[in-house]
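# Breakdown of the fold
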Amino acid sequence: MVRLLHYSDIENLYDDAERAGRFAGRIRERDGDDALVVGSGDTTAPGVVSLAASGRQILDFADAVDTVADTFGNHDFDYGPDATREIVADSEFTWVSANTLDEDGDPFGAEEGVVPWTIAEADGERVGFFGLTDPTTDSINPQAAPLTFTDPYDAAEEAAEDLREEGVDYVVALSHLGGGDDELARRVDVDAILGGHVHSVRTEYVDGTLCTRPGVNGHEFVEVELGTDDAAAARGDGGVAASARVIDPSEGPVHEALTDALERRR
């Protein structure tokens, strides 16, 4: 069994340095050899600290929680594609995006390290992650207008197939499609969809596939179990059983290093 600690749309969390430190501290408290920490977009902007740091406060946060992978939300282009590329280049974790193209129609950020999918290992099992961004991002965020966002379902099918061929134990979508996650669950063979964009908390099954969202601004995050022996989470089609629970970070220990870093940025 592998656990995934899923955050998304943390946006203005950085403006409250102590609460951000507690959020990070609670994630670290839940972390372990069998766990991987991942995001699903809108993790660089907006917010006051984000304006001051041009989104680079994500580097402080990801270092604090030991993020493995994240994808792009619409707000992750608030300072323009070049600023996003710089963040990618300086990130220790992997940015995954299967449906974002640059100004020339090539995969966005490939030179800086963006990949369609990546594989991470926890407790001897391999998890494949791919990323998807809302295809309307270039119209809802003017700073993203030079970019192109292709059909996410076609991109997901290709990424999932590639990961199955790599022999991973689980295939997981890091999705910033919002309401499009239901269609993704119906059309593509994945073991879980960790979503964002829509700001309500969600732990539901669509056609036997677990779909989660942690809400907005770091008030909760979601812990997902893949390969769980929980009978209630078993899939009728013989696929991987998955379950999820929402974690309240408000009582967690404060990650002092992150709190100090955000206070300095502010």
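Everything quoted here is computed from the prediction, not taken from an experiment. (Residues numbered from 1 in each chain as written. Predicted model: local features only at pLDDT ≥ 70, side-chain atom pairs only at ≥ 80, totals over all residues. Heavy atoms only, no water.)

Attention now moves to the environment of Glu165. Topologically, Glu165 is positioned in helix 6 (residues 152-165). Glu165 sits 79 residues away from Glu86 along the chain, and the two C-alpha atoms are 32 Å apart. (Helix = DSSP H or I, 4+ residues; strand = E, 2+ residues; numbered from the N terminus.)

The tally for this structure, following the rule as stated, stands at 17 salt bridges. The salt bridge involving Glu223 is made with Arg30; its shortest N-O contact spans 2.9 Å. Taken together, the residues Glu223 in strand 13 (residues 221-226) and Arg30 in helix 1 (residues 17-30) connect sequence positions 193 residues apart. The closest approach of N and O atoms between Asp60 and Arg265, which form a salt bridge, is 2.5 Å. With Asp60 in helix 3 (residues 57-65) and Arg265 in helix 8 (residues 256-265), the pair connects residues that are 205 residues apart, well separated along the chain. Linked through salt bridges whose partners overlap, the residues forming this network are Arg3, Arg30, Asp34, Glu223 and Arg245. (Salt bridge = Lys/Arg side-chain N within 4 Å of Asp/Glu carboxyl O.)

This brings us to the pairing of strand 9 (residues 170-176). With seven of seven residues buried, strand 9 lies mostly within the body of the structure. Every second residue of strand 9 is oriented toward a common face, with Tyr170, Val172, Leu174 and His176 on one face and Val171, Ala173 and Ser175 on the other, all of them buried. Examined bridge by bridge, strand 7 (residues 125-133) and strand 9 share seven bridges and lie parallel to one another. Residue Val127 lies in a different strand from strand 9, and its bridge partner there is Tyr170. (Buried < 20%, exposed > 50% of the residue type's maximum accessible area, 1.4 Å probe, protein only. Pairing = 2+ DSSP bridges.)

This paragraph deals with unusual backbone geometry. Most peptide bonds take the trans form, and the phi angle of most residues other than glycine is negative. Each neighbour pair has its own omega, and for Ala45 with Pro46 the value is 0°, a cis peptide bond. Tracing the sequence through the fold places Pro46 in the loop between strand 2 (35-39) and helix 2 (48-53). Its identity is not glycine, yet Asp42 carries a phi of approximately 55°, on the positive side. With respect to the helices, strands and loops of the structure, Asp42 is situated in the loop between strand 2 and helix 2. With relative accessibility at 1%, the residue Asp42 sits in the buried group. Look at Asp123: it is not a glycine, yet its phi comes out positive at around 50°. In this fold, Asp123 is placed in the loop between strand 6 (117-122) and strand 7.

Now for the side chain of Asn217. With respect to the helices, strands and loops of the structure, Asn217 is situated in the loop between strand 12 (209-214) and strand 13. Accessibility expressed as a relative area gives 17% for Asn217, which makes it buried. From its side chain, Asn217 meets the backbone nitrogen of Asn12 in a polar contact 3.0 Å long. If sequence neighbours within four positions are ignored, Asn217 has contacts with Asp9, Ile10, Glu11, Asn12, Leu13 and Arg19. (Polar contact = N/O pair within 3.5 Å; in protein donor to acceptor, adjacent residues only side chain to side chain. Contact = heavy atoms within 4.5 Å.)

Our focus in this paragraph is the nonpolar core. Among the nonpolar cores identified, the biggest contains 34 residues, and Tyr7, Phe23, Ile27 and Phe61 are the most heavily contacted of them. Elements supplying a minimum of two residues to this core: strand 1 (2-7), helix 1, strand 2, helix 3, helix 4 (81-90) and helix 8. Among the elements that take part in this core, helix 3 stands out by supplying six residues, more than any other. For Phe23, the residues in contact, after removing those within four places along its chain, are Tyr7, Ile10, Leu13, Phe61, Gly218, Glu220, Phe221 and Pro249. Formed by 21 residues, the second largest nonpolar core is a distinct cluster that contains Val2, Ala192, Val222 and Val240. (Core = buried A, V, L, I, M, F, W, Y, C linked by side-chain atoms within 4.5 Å.)

To continue, consider the packing of helix 1 against helix 8. Following both chains from N to C, one finds helix 1 and helix 8 inclined at 150°, their axes separated by 8 Å at the closest point. Between helix 1 and helix 8, the interaxial angle falls into the category roughly antiparallel. At the point where helix 1 passes helix 8, the crossing takes the right-handed sense. The residues of helix 8 that touch helix 1, namely those facing Ala17, Glu18, Ala20, Gly21 and Ala24, are Leu258, Thr259, Leu262 and Glu263. (Axes fitted to C-alpha atoms, helices over the stretch in contact; angles between N-to-C directions. Parallel < 35°, antiparallel > 145°, perpendicular 65-115°, else oblique. Left-handed = near helix turned anticlockwise from the far one by under 90°.)

Here we take up the packing of aromatic side chains. Aromatic ring pairs are defined here through the distance separating the ring centres and the angle between the ring planes. In the structure shown here, the tally under the stated rule is 10 aromatic pairs. Their ring planes at 85° and their centres at 5.7 Å tell us that Phe23 and Phe221 sit as a pair that is edge-to-face. Of the two residues, Phe23 sits in helix 1 while Phe221 sits in strand 13, which places them 198 residues apart along the sequence. The same class applies to Phe23 and to Phe221, which are both buried. An angle of 80° between the planes, with centres 5.6 Å apart, marks the rings of Phe72 and Phe108 as edge-to-face. Taken together, the residues span a long stretch of sequence, with Phe72 in the loop between strand 3 (67-70) and helix 4 and Phe108 in the loop between strand 5 (100-101) and strand 6 at a distance of 36 residues. Here Phe72 falls in the buried class, since its relative accessible area comes to 0%. A residue is classified by how much of its surface remains accessible, and Phe108, at 2% relative accessible area, is buried. (Phe/Tyr/Trp six-rings, centres within 6.5 Å; stacked < 30°, edge-to-face > 60°.)

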